[in-house]
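Spelled out from the first residue to the last, the chains are:
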Amino acid sequence: MGKIMNARQIMNARPRRSCLYMPGSNAKALEKARSLPADVVLLDLEDSVAPDAKEAARAAVAAAVQGGGYGRREVIVRINALSTPWGREDIAAAGIARPDGILAPKVESGDEVVALDDAMTEAGFADEASLWVMIETSRAILNLAEIAAAAKATRLSALVMGTNDLAKEMRARPGADRAPFHAALSLAVMAARSEGLAAIDGVYNDIADAAGFEAECRQGLAFGFDGKTLIHPSQVDACNTIFAPSVEEIASARALIAAFALPENAGKGVIKVDGKMVELLHLEQARRVVALAEGISQIA
Ligand code: COA
Ligand code: MG
């Protein structure tokens, strides 16, 4: 499965700061997403589409993907679970339309990841296509290690928090600090990192509260997330700014890389830059910051 691992690693160099959901049944939104500065567009067939509208939404999303025009945006279709009457047909339709990948809801085990990956293969998806899964149930949190480990043999490449469903299941009442989710958020990031996967934070429901939204983006960044799922175009710009490395961060990363590259530092594991100790682990961090900044500058 080395081929899949390599593809995943390449894909994960991509910025996933802003991942905007839209109902597959909302034609205006599918169109508008072609011009919004979101890194990822999540075309939803699941919770935002009513049962009576599922089939029309599936056809509309397939047509939108085939119509193209999303440019450098990563296009991901959120399917219904395989256990629902719609899941299999959603994957089959996506396999024909060929988005960059699919996002599967309510995944709770490694076996489910394997079943989804097999269904993608059957539907004609390339090895390079991505499988993203929602982490949004108590059981998923308890099985995070097993879910992430399924990446070794599948297209799994991102874990996406579904905090609304998680709150409902836990009967949690999160406030602005999201204290009831701290364990789950942190474990999900660790599971993602243990397998080189992207980690995307949950949505912020109060569209009118820009300050609260920005605070939650910063909190997600502090937890280690690569980006955040969004529900409205007005959330994209702030999210992109907060999850991008700052000008200062990029400058100090470049300075650190340059310092390690000096002939007198060749072969050294630890050096001093601007009076501070830096080790090879900081060099790796700096390279990641620069790679992300370069990925972002290719978009801008
Ligand atoms: N993606 C793309 N475009 C969107 C959008 C989204 N998520 N949400 C709104 N828009 C568009 C609208 O179509 C409208 O376009 P227009 O200017 O061409 O008319 C414009 O942005 C302004 O929308 P607004 O009137 O502020 O929002 P609304 O009242 O129409 O819709 C929601 C509000 C919450 C219903 C809508 O934002 C939405 O459906 N969000 C996504 C929900 C979702 O996918 N949930 C699943 C995951 S939690
Ligand atoms: Mg959900």
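As the structure is a prediction and not an experimental result, all values here were calculated from the model.

A.B. asks: Sorry, what's going on with helix H10 (residues 210–223) here?
C.D. replies: Within an α-helix, residues lying three or four positions from one another point in the same direction, as the helix has 3.6 residues per turn. Helix length check: H10 (14 residues) gives 20 Å between terminal C-alpha atoms against 20 Å at 1.5 Å per residue, within 8%. Of the positions making up H10, those classed as buried are Gly212, Phe213, Glu216, Cys217, Gln219 and Gly220. Buried residues of H10, viewed axially, fall in a sector of 165°; they line one side. When the buried face of H10 is taken as reference, the exposed residues oriented beyond 90 degrees from it are Ala211 and Ala222. Close packing links the buried residues of H10 with helix H9 (182–194), strand S7 (198–201), strand S8 (227–230) and helix H11 (236–243). Among the residues trailing H10, glycine 224 stands out with phi positive, at a value near 110°.

A.B. asks: Help me understand helix H5 (residues 110–122) in this model?
C.D. replies: Taking 1.5 Å of rise per residue, 13 residues should cover 18 Å, and H5 covers 18 Å from first to last C-alpha, within 8% of that figure. Trailing H5 by a residue or two, glycine 124 shows a phi angle of about 95°, which is positive.

A.B. asks: Is there a simple way to think about the packing of H10 against H11 in this case?
C.D. replies: Axes are the key here: two packed helices are described by the angle between their axes and the distance separating the axes. In contact at an axis separation of 10 Å, H10 and H11 are set at 30° when each is read in the N-to-C sense. When the axis of H10 is compared with that of H11, the two are roughly parallel. At the point where H10 passes H11, the crossing takes the right-handed sense. Where H10 abuts H11, its residues Phe213, Glu214, Cys217, Arg218, Gly220 and Leu221 lie against Ala238, Cys239, Ile242 and Phe243. Its residues assigned to classes, the contact of H10 with H11 comprises seven nonpolar, one polar and two charged.

A.B. asks: Would you mind showing me how to read the state of the cysteines here?
C.D. replies: This structure, assessed with the given rule, holds zero disulfides. Summary of cysteine pairing: cysteine 19 is not part of a disulfide, and the nearest cysteine sulfur, belonging to cysteine 239, is at 7.4 Å. Relative accessible area serves as the criterion here: at 0%, cysteine 19 is assigned to the buried category. Overall, cysteine 239 belongs to the buried group, its relative accessible area being 0%.

A.B. asks: Quick question: what am I supposed to make of the packing of aromatic side chains here?
C.D. replies: Two numbers describe a pair of aromatic rings. These are the distance of the centres and the angle of the planes. Per the counting criterion, the structure on display carries one aromatic pair. Over the aromatic face of tryptophan 86 sits the side chain of lysine 54, whose NZ or CZ is 5.0 Å from the ring centroid.

A.B. asks: So what exactly am I meant to see when it comes to the pairing of S7 here?
C.D. replies: If a strand is regular, its side chains alternate between the two faces of the sheet. Residues of S7 alternate between two faces, with Ala198 and Ile200 on one and Ala199 and Asp201 on the opposite face, all of them buried. In the sheet, strand S6 (residues 156–161) pairs with S7 via three bridges, with the strands oriented parallel. Bridged to alanine 158 within S7 is alanine 198.

Rules and cut-offs
- Residues numbered from 1 in each chain as written.
- Chains lettered and ligands numbered in written order.
- Predicted model: local features only at pLDDT ≥ 70, side-chain atom pairs only at ≥ 80, totals over all residues.
- Heavy atoms only, no water.
- Helix = DSSP H or I, 4+ residues; strand = E, 2+ residues; numbered from the N terminus.
- Expected span 1.5 Å × (residues − 1).
- Buried < 20%, exposed > 50% of the residue type's maximum accessible area, 1.4 Å probe, protein only.
- Arc of directions from axis to C-beta.
- Contact = heavy atoms within 4.5 Å.
- Axes fitted to C-alpha atoms, helices over the stretch in contact; angles between N-to-C directions.
- Parallel < 35°, antiparallel > 145°, perpendicular 65-115°, else oblique.
- Left-handed = near helix turned anticlockwise from the far one by under 90°.
- Nonpolar A, V, L, I, M, F, W, Y, C, P; charged D, E, K, R; others polar.
- Disulfide = S-S within 2.5 Å.
- Phe/Tyr/Trp six-rings, centres within 6.5 Å; stacked < 30°, edge-to-face > 60°.
- Lys NZ or Arg CZ within 6 Å of the ring centre and 35° of its normal.
- Pairing = 2+ DSSP bridges.

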